Amino acid sequence: MENILEIKDLHVSFDTYGGEVQAVRGVNLELKKGETLAIVGESGSGKSVTSKTIMRLLPKPAARIKSGEIWFNGKDLTKLSEKEMQKIRGSEISMIFQDPMTSLNPTMSIGKQIMEGLRKHQKLGKQEALQRAIELLDLVGIPNPEARVKQYPHQFSGGMRQRVVIAIALACNPKVLIADEPTTALDVTIQAQILDLMKDLQNKMQTSIILITHDLGVVANMAQRVAVMYGGKIVETGTVDEIFYRPKHPYTWGLLSSMPRLHSKTDELLAIPGTPPDLSNPPKGCPFAPRCPHAMKVCVEYMPDYTTLSETQKTACWLLDERAPKVEPPEIIAVGGAGK
Ligand code: SF4
């Protein structure tokens, strides 16, 4: 499948009073046409920073792209001016954030907010844009869209507001949609509805999605491929089946073990002991070493290279070195029908 977006050796840092924080440290990623790629990891792993870097929405002046490339449509996004990025944001690459209230303007009717992008990027006239806004509200499942298009964000429930945000994000039919924890702020029933809506719209519009989440249940439901991030690096990538049924990285094992499962014999959730590394002083070896029950001397000294396990699965762990002791993964009971 053709790549629509390609990240090459991306390094992003934040300059803080405490010194440089190396939030993203050499990320390589590809997003294929029409697929959903999930980026998973605990907070502070670098997943949100990676996605905001694609959109060039990093807080200034603290954050900076130190090196690397982000290729989209024949252009390296890291090299574009703010003016050039404005043309891409919202029209070719869109983003949905966790809290719909922060993405919506409370003083503007939702119709106007949907129409803004249509008028700016697609140069639609007022009437045409209004008509399209009504169609989009209908598409995302807002009942009575003709009346609701005139209403304001506070007149919508949380789930309905997230539908509006999705309508805005998809208004110009972007090629890539980045969804950063899009359902975390919503209750479970509404979460499922929003995820179903995103899947349905993806089928209709052929949008490629980058889904940032810490929730592996959402990944199983939505994604075809997964990148697991830890300490600013991708430690394992693979298809959903590979990550859920044949994971090789101890951090992925930990994430899966801490996931609530339907068929587990026990209710106990196994949290990963310890805390993520301090990226103002990043470890020279494997970032997971202080928390890894299988860490060896070499892990602390040297960062492991990626081992290619299949056409789609790559893992950075010294356990895959032929000289390493054989370690069996913990019993992992994946959620029923993962990824299907
Ligand atoms: Fe654990 Fe070493 Fe593998 Fe890192 S490289 S995950 S410390 S075994």
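Values in this document were obtained by computation on a predicted structure and should not be read as measured data.

**Student:** Can you walk me through the overall build of the protein chain in this structure?
**Tutor:** Looking only at helices and strands, the protein chain features 12 helices and 12 strands. Radius of gyration (C-alpha) of the protein chain: 21 Å, near the 20 Å computed for a compact globule of 340 residues. Oriented by its inertia axes, the alpha-carbon framework of the protein chain measures out at about 70 × 50 × 40 Å. At a minimum sequence separation of 6, the contacts of the protein chain that also span at least 24 residues come to 65%. When the accessible surface of the protein chain is totalled, it reaches about 16,500 Å², and 52% of it is carbon and sulfur. Averaged over its 41 positive side-chain charges, the protein chain has a centre that lies 5 Å from the centre of its 38 negative ones.

**Student:** What's the story with helix α11 (residues 250-257) in this structure? I'm lost.
**Tutor:** For an α-helix, the turn length of 3.6 residues means that residues three or four places apart are oriented alike. Across the 8 residues that make up α11, a large majority, 8, are buried. Every buried residue of α11 is accounted for by Pro250, Tyr251, Thr252, Trp253, Gly254, Leu255, Leu256 and Ser257. If you follow the buried residues of α11, they end up packed against β3 (36-40), α9 (216-222), β9 (225-230), β10 (233-239) and α10 (240-245).

**Student:** Please explain the pattern of salt bridges as it appears in this structure.
**Tutor:** If charged atoms from side chains of opposite charge come close, those side chains can pair. Under the definition given, this model contains 13 salt bridges. Here glutamate 2 and lysine 33 are joined by a salt bridge, their closest N and O atoms 3.9 Å apart. Residue glutamate 2 is found in the segment before β1 (3-16), and its partner lysine 33 is found in the loop between β2 (19-32) and β3; the two are separated by 31 residues along the sequence. With a relative accessible area of 43%, lysine 33 lands in the partly exposed category.

Here is what the cut-offs are and how they apply
Residues numbered from 1 in each chain as written. Predicted model: local features only at pLDDT ≥ 70, side-chain atom pairs only at ≥ 80, totals over all residues. Heavy atoms only, no water. Helix = DSSP H or I, 4+ residues; strand = E, 2+ residues; numbered from the N terminus. Rg over C-alpha atoms; globule rule 2.2 N^0.38 Å. Contact = heavy atoms within 4.5 Å. Areas by Shrake-Rupley, 256 points an atom, 1.4 Å probe, with all protein chains shown as cover. Lys, Arg positive; Asp, Glu negative; His and termini not counted. Charge placed at Lys NZ, Arg CZ, Asp CG, Glu CD. Buried < 20%, exposed > 50% of the residue type's maximum accessible area, 1.4 Å probe, protein only. Salt bridge = Lys/Arg side-chain N within 4 Å of Asp/Glu carboxyl O.

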